Amino acid sequence: MLAEKMTNDDYIALLKQRLGEKRFNHSLNVAEEAVRLAKKYSVDVEKAYKAGLLHDIMKEEKPEIQFEAIVKSGMPFTEVEKSNQKLWHAMAGAAYIKNELGIEDEEIINAVRYHTTAKAGMTMLEKVIYIADFTSKERDYDGVEKMRELADVSLEQAMLEGLSFTLQKLVEKNKLLNLDSINAYNEVAAVCGKGNNI
Ligand SMILES: [Fe+2]
Ligand SMILES: [Fe+2]
């Protein structure tokens with residue numbers, strides 16, 4: 001099928017082939033939650049739906065295939081991203097939707113690219129996808145209710161909560177921190193009035 005002719009239903013059919021039932025449902029739920037947040041924060045609903053659907057499209061691919069897709073795309077990545085396999089599916093997903101599905105919208109591509117690490121200077125759409133991945137309806141981790149409440153207060157407060165959660169988990173395990181995540185954390189912490197350390 002010609003990439004530019006693909007509809008959302010085609011994307012859903014493709015996801016069904018590429019993902020197990022659990023992650024397929026997660027993808028639909030993230031898309032639905034992304035639409036809800038997009039409406040709330042006046043973000044492009046169609047882009048939010050597409051990016052939400054596609055954000056984990058490479059997640060069940062073998063790591064070596066994910067890494068190959070990243071390298072082939074020529075996309076820049078950090079040493080920390082290279083060292084953490086869990087981050088590969090976001091970059092590989094961005095490469096896949098651009099190169100295999102022919103999606104040209106940079107904002108959708110970047111929303112997929114940064115849905116796990118975040119980065120400073122994210123657009124509203126990119127923030128919506130980052131948060132929707134935490135607040136989709138099947139999520140049931142400790143603290144999800146707080147995340148959902150914050151997502152309804154402001155995108156930045158929800159991002160601060162999400163980044164704190166992720167960075168703390170990495171620190172607890174003495175893992176490397178990706179600078180993009182730290183920069184995103186500092187940016188939203190300052191926006192949320194947490195910039196003064198005194
Ligand atoms: Fe993901
Ligand atoms: Fe996800």
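Residues numbered from 1 in each chain as written. Chains lettered and ligands numbered in written order. Predicted model: local features only at pLDDT ≥ 70, side-chain atom pairs only at ≥ 80, totals over all residues. Heavy atoms only, no water.

Below, the discussion takes up the coordination of the iron ion (ligand 2). Those donors, His 26 (NE2), His 55 (NE2), Asp 56 (OD) and Asp 133 (OD), are the protein atoms that reach the iron ion (ligand 2), and they lie 2.2 to 2.3 Å from it. Of note is the iron ion (ligand 2), whose four donor atoms meet at the metal with angles of 80 to 174° in an arrangement that counts as irregular. All donors of the iron ion (ligand 2) belong to a single chain; written as a sequence motif, their spacing is H-x28-H-D-x76-D. (Donors = N, O, S within 2.8 Å, 3.2 Å for Na, K, Ca; no water. Tetrahedral: all angles 85-135°; square planar, octahedral: opposite > 155°, others 65-115°.)

A few words now on the pattern of salt bridges. Counted according to the given criterion, the structure contains 13 salt bridges. Ionic pairing is found between Arg 36 and Asp 152, a salt bridge with its closest N-O pair at 3.1 Å. In this pair, Arg 36 is assigned in helix α2 (residues 21–40) and Asp 152 in helix α9 (residues 144–153), connecting sequence segments 116 residues apart. On the accessibility criterion, Arg 36 (35% relative accessible area) is partly exposed. Of the residues examined, Asp 152 reaches a relative accessible area of 35% and is grouped as partly exposed. (Salt bridge = Lys/Arg side-chain N within 4 Å of Asp/Glu carboxyl O. Helix = DSSP H or I, 4+ residues; strand = E, 2+ residues; numbered from the N terminus. Buried < 20%, exposed > 50% of the residue type's maximum accessible area, 1.4 Å probe, protein only.)

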